[in-house]
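For reference, the chains in residue letters:
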Amino acid sequence: MSQPYPFVDPTLFTQNAGAELYIDLSAIVQNYHYLQKRISSAQCGAVVKANAYGLGMIEIAKALAKAGCKDFFVAHLDEGIALRSILNQDYTIYVLHGLPPSTESLFIKHHLTPILNDINQLHHWLKLCNDRNTSYSAGVQFDTGMSRFGIEEEELSNLQQRNWGVFQPSLIMSHLACADTPTHPANRQQLERFQAIKQQIPNCRASLAASSGIFLGQDWHFDLVRPGVALYGGNPTPGQPNPMQSVISLQGTIIQLRHISKGAFIGYGATFTAPKDMRLAWISIGYADGFFRAFSNKISALSPQFPKIPLALLGRVSMDSLCVDITELPDTALQVGDKIEIIGDHHPIDSLAQQVDTIGYEILTSLGNRYHRIYS
Ligand SMILES: *Cc1c(COP(=O)(O)O)cnc(C)c1O
């Protein structure tokens, strides 16, 4: 039996949770089809590591498998084991973090494909395959410039002289460091290095591009692309309009309404002082829910009933709550229990990220486990 998936128990938080996180599975599937169309000749895999960037690996992988995706990527072995419990062997599950010591038997037992990230891992796998006269599925990563994972170019010629025996890699891959900056010279440099490696290992599926790499052009597509963030609505072409559908909406519950007088301050550190009499709504989302304290006094939220009126976040984000200004809304418009949209179409993950000098990826993967998650 596979181990239970350690990240999220989706049954834990229900209608009584402090906030609802809507995850639009049909938007994820549409994003998948859109990417598949852009790469006509190659195939489109899906990166579902880190619980599908915080959004729910099991639900999302099921939806993508139904949409025709055959190749899934996770980071950790445990993620792969959990994923295998819902995907049969028609689907390939690649484990990007390679082959930790003494885990070969788990990869084989669960039919997982490690991405071999250095010479030692490759040697281990070669020995295993040749001892048992079986080519167990594994990919091989090459470092084309990122200095992160992968066998280095100089090691390749040594490798070629070595007899690989029965082992046939199922994938060769590399990863781009600067694909979100199309003009960066590293993109072509890494492409050329990868092409040279591919020539030495012909007849093997090859993969270079993640989300942003897909938009660099056909040369970068090879046989298989590995998008993650674009599937989840992140903009793979920063600085240009986002071609992807937005996927999440985070709606916090109002737990308290207050009037305050001119001169009163709000929250820890008294970082905001009311310039006039104001009305406030306290929302049940805080930094313990992955809603960064760095957003304090920086962004605005929205009441779905009044989508044209931005509601400024006032004072510091607390651990479990934050405050928005509802002075501009009609007097009795909102009640305790109503919802306020914190992330959504009005405030996509990328623009939120920009406000606090990070990337949409970090917003997504920080989303807490206390939300009532609703998949549609
Ligand atoms: C995370 C990751 C991806 C997916 O990247 P996105 O930018 O989210 O599309 C692809 N390949 C590798 C090796 C990764 O680590």
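Residues numbered from 1 in each chain as written. Predicted model: local features only at pLDDT ≥ 70, side-chain atom pairs only at ≥ 80, totals over all residues. Heavy atoms only, no water.

Within an unreviewed UniProt entry, the label attached to the protein chain reads Alanine racemase, and the organism entered is Commensalibacter papalotli. Its UniProt record gives the protein chain the following Function (unreviewed entry) comment, quoted word for word: "Catalyzes the interconversion of L-alanine and D-alanine. May also act on other amino acids." In its Pathway (unreviewed entry) section, the UniProt entry covering the protein chain states "Amino-acid biosynthesis; D-alanine biosynthesis; D-alanine from L-alanine: step 1/1." (UniProt positions renumbered as here; feature names shortened; annotations may be inferred.)

Participant: Give me the packing of helix α3 (residues 57-66) against helix α4 (residues 77-84): which residues, what numbers.
Facilitator: For the pair α3 and α4, interaxial distance at closest approach is 10 Å and the crossing angle is 55 degrees. Classified by the angle their axes make, α3 and α4 are oblique. For the crossing formed where α3 meets α4, the hand is right-handed. Listed contacts from α4 to Met 57, Ile 58 and Ala 61 of α3 are Glu 79, Ala 82 and Leu 83. Across the contact of α3 with α4, the residue classes break down as 5 nonpolar, no polar and 1 charged. (Axes fitted to C-alpha atoms, helices over the stretch in contact; angles between N-to-C directions. Helix = DSSP H or I, 4+ residues; strand = E, 2+ residues; numbered from the N terminus. Parallel < 35°, antiparallel > 145°, perpendicular 65-115°, else oblique. Left-handed = near helix turned anticlockwise from the far one by under 90°. Contact = heavy atoms within 4.5 Å. Nonpolar A, V, L, I, M, F, W, Y, C, P; charged D, E, K, R; others polar.)

Participant: Can you tell me about the state of the cysteines, naming the residues and giving the values?
Facilitator: Tallied over the entire structure, the rule returns 0 disulfides. Unpaired in this structure, Cys 129 has its nearest cysteine sulfur neighbour in Cys 204, at a distance of 13 Å. Taking the relative accessible area as the measure of exposure, Cys 129 reaches 0% and is therefore buried. (Disulfide = S-S within 2.5 Å. Buried < 20%, exposed > 50% of the residue type's maximum accessible area, 1.4 Å probe, protein only.)

Participant: Residues and numbers for the site of the ligand, please.
Facilitator: Surrounding the ligand, one finds 14 residues, the nearest of these being Lys 49, Tyr 53, Ser 211, Gly 228 and Tyr 361. For the ligand, an oxygen atom lies 3.5 Å from a polar atom in the side chain of Arg 148. Side-chain polar atom of Ser 211 to an oxygen atom of the ligand: 2.5 Å apart, as the coordinates give it. Surface burial for the ligand is 91%, taken as the share of its 390 Å² of free accessible area covered by protein chains. A molecule is said to occupy a pocket when more than half its atoms come within 2 Å of that pocket's grid points, and by this definition the ligand occupies the largest pocket. The residue inventory of the shell around the ligand, partitioned by class, reads 8 nonpolar, 3 polar and 3 charged. (Near = heavy atom within 4 Å. Polar contact = N/O pair within 3.5 Å; in protein donor to acceptor, adjacent residues only side chain to side chain. Areas by Shrake-Rupley, 256 points an atom, 1.4 Å probe, with all protein chains shown as cover. 1 Å grid on protein atoms, 1.4 Å probe; cavity = no way out; pocket = protein on both sides within 12 Å on 5 of 7 lines; lining within 4 Å. Sits in = over half its atoms within 2 Å of the grid points.)

Participant: Can you tell me about the UniProt feature "modified residue: N6-(pyridoxal phosphate)lysine" (unreviewed entry) in the protein chain, naming the residues and giving the values?
Facilitator: In this structure's numbering, the residues bearing the UniProt feature "modified residue: N6-(pyridoxal phosphate)lysine" (unreviewed entry) are Lys 49. Topologically, Lys 49 is positioned in helix α2 (residues 49-53). On the basis of relative accessibility, which here comes to 28%, the residue Lys 49 falls in the partly exposed class. For Lys 49, the contacting residues outside a window of four places in its chain are Phe 73, Val 74, Ala 75, Glu 79 and Leu 96.

Participant: Quick rundown of the pairing of strand β12 (residues 248-260)? Include the residues and the values.
Facilitator: Taken together, the 5 bridges between strand β1 (residues 19-23) and β12 define a ladder with antiparallel strand orientation. Bridge assignment links Leu 21 to a residue of β12, and that residue is Leu 250. Note: β12 against strand β19 (residues 339-343), 4 bridges, orientation antiparallel. Across the sheet, Gly 252 pairs through a bridge with Ile 340, a residue of β19. Across 6 bridges, the pairing between β12 and strand β15 (residues 278-283) is antiparallel. Looking across to β15, one finds that Arg 258 is bridged to Leu 280. (Pairing = 2+ DSSP bridges.)

Participant: Describe the UniProt feature "domain: Alanine racemase C-terminal" (unreviewed entry) in the protein chain, with residues and values.
Facilitator: Cross-referencing UniProt, the feature "domain: Alanine racemase C-terminal" (unreviewed entry) maps to residues 247-376 in the present numbering. Annotated as 11% helix and 36% strand, the span residues 247-376 places its first and last C-alpha atoms 10 Å apart.

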